[in-house]
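Observations on the model geometry
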Amino acid sequence: MLLTDLNPFVRYARIHTSYQNRSLRSVCYDCRFFFLSGGSGTLTLDGVRHELTEGTAIFLPPATKYYFRFQSSENFRLIVLDFDLTQQNSHLEDSLFTASEDNFDPEKVPPHDCPQELESPIIRNVPSLHATLRQCPELFLERELFYREKVSSLVRLCLLELIRGNVNREGNALLCEQILQYIHKKCTAGDVTNQEIAEYFGYHPHYLSNVIRRYTGKSLHQYVISYRLRFAKNLLLTTAMEVEEIAWRSGFCSASHFIRVFRAHNGTTPRLYRQSRLRADL
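First, a word on scope: everything that follows refers to the structure included in this document. Note that this is a predicted model, so its numbers are computed, not measured.

1. Things to note about the layout of surface pockets
- Considered as a void within the structure, the largest pocket measures approximately 250 Å³ in volume.
- Of all the elements in the fold, those that place two or more residues in the lining of the largest pocket are helix 3 (147-165) and helix 4 (172-186).
- It is helix 3 that provides the largest number of residues to the lining of the largest pocket, a total of five residues.
- For the lining of the largest pocket, the residue count by class is six nonpolar, one polar and four charged.

Here's what the structure looks like:
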């Protein structure tokens, strides 16, 4: 799956104020998200011990073996979320919880597909996530209309923030962000080609296109076109500029090319799009 397909189905969301340290490693059946909002401890993964402090966020993919050890503390607070990355297994509404290493049953792991960015555990100190994550247990407790959908959106935001900062994975997340910034700055100022972008960053165009596709679901060329069209739509609805000037300001080589591309993506011409949207606003 791609990151654009990320649509978490959350089964469990709770704030734990105590934790019983275990003698055996735990194994999760679905994805788990932990956020330590108070206290300290350690997490051991594959024999490596990670120090946990207030503000530490942890993502674990299904079937991960892990071992927590927390210090006894009055201010201990651990936000725990169990979820799938898609709605594929939404018929399993209740938490699958975890098993100890000696009684874990791999056949109970729901079918799942993780994007490359979430195939391995992520551990980062991100205090800014607390304000978002603490809403999840509250929504699960109140269970008002659309609470699952709201929690899903919050978890998605937190996962994307974890991925964005996890730049050690070949640097692709950071590289993608830099490429998108370059496109946003340059592509409306004139014709920007894949080759030009690739030369600027020192990579082959095909490699950069794959990086962009992994994070946006679009190739490099497709993303440039979609950004120009978004820019053009904004000018159509917020200015009185003629279509010819909007085409030029949006980075298209001619008005006829702009109209042809616009019609192919939106099923109508820029002029008719402007008229229909303005009438709808009235």
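2. Focus: the sheet that holds strand 8 (residues 77-84)
- Strand order in the open sheet formed by five strands is 1-8-3-6-10, and the pairing between neighbours is antiparallel. Single-partner strands in this sheet number two, and they are strand 1 (9-16) and strand 10 (122-125). This sheet shows a mean twist of 10 degrees between the axes of neighbouring strands, independent of strand direction.
- Pairing of strand 3 (residues 31-38) with strand 8, which is carried by seven bridges, proceeds in the antiparallel orientation. Across the sheet, the residue bridging to Phe35 is Ile79, located in strand 8.
- Sheet strands touched by helix 2 (residues 135-142): strand 1 and strand 8. Its angle to strand 1, the strand with the most contacts, is close to 105 degrees.

Rules used in this analysis
Residues numbered from 1 in each chain as written. Predicted model: local features only at pLDDT ≥ 70, side-chain atom pairs only at ≥ 80, totals over all residues. Heavy atoms only, no water. 1 Å grid on protein atoms, 1.4 Å probe; cavity = no way out; pocket = protein on both sides within 12 Å on 5 of 7 lines; lining within 4 Å. Points joined across faces, edges and corners; volume = space filled by probe spheres on them. Helix = DSSP H or I, 4+ residues; strand = E, 2+ residues; numbered from the N terminus. Nonpolar A, V, L, I, M, F, W, Y, C, P; charged D, E, K, R; others polar. Pairing = 2+ DSSP bridges. Axes fitted to C-alpha atoms, helices over the stretch in contact; angles between N-to-C directions. Contact = heavy atoms within 4.5 Å.

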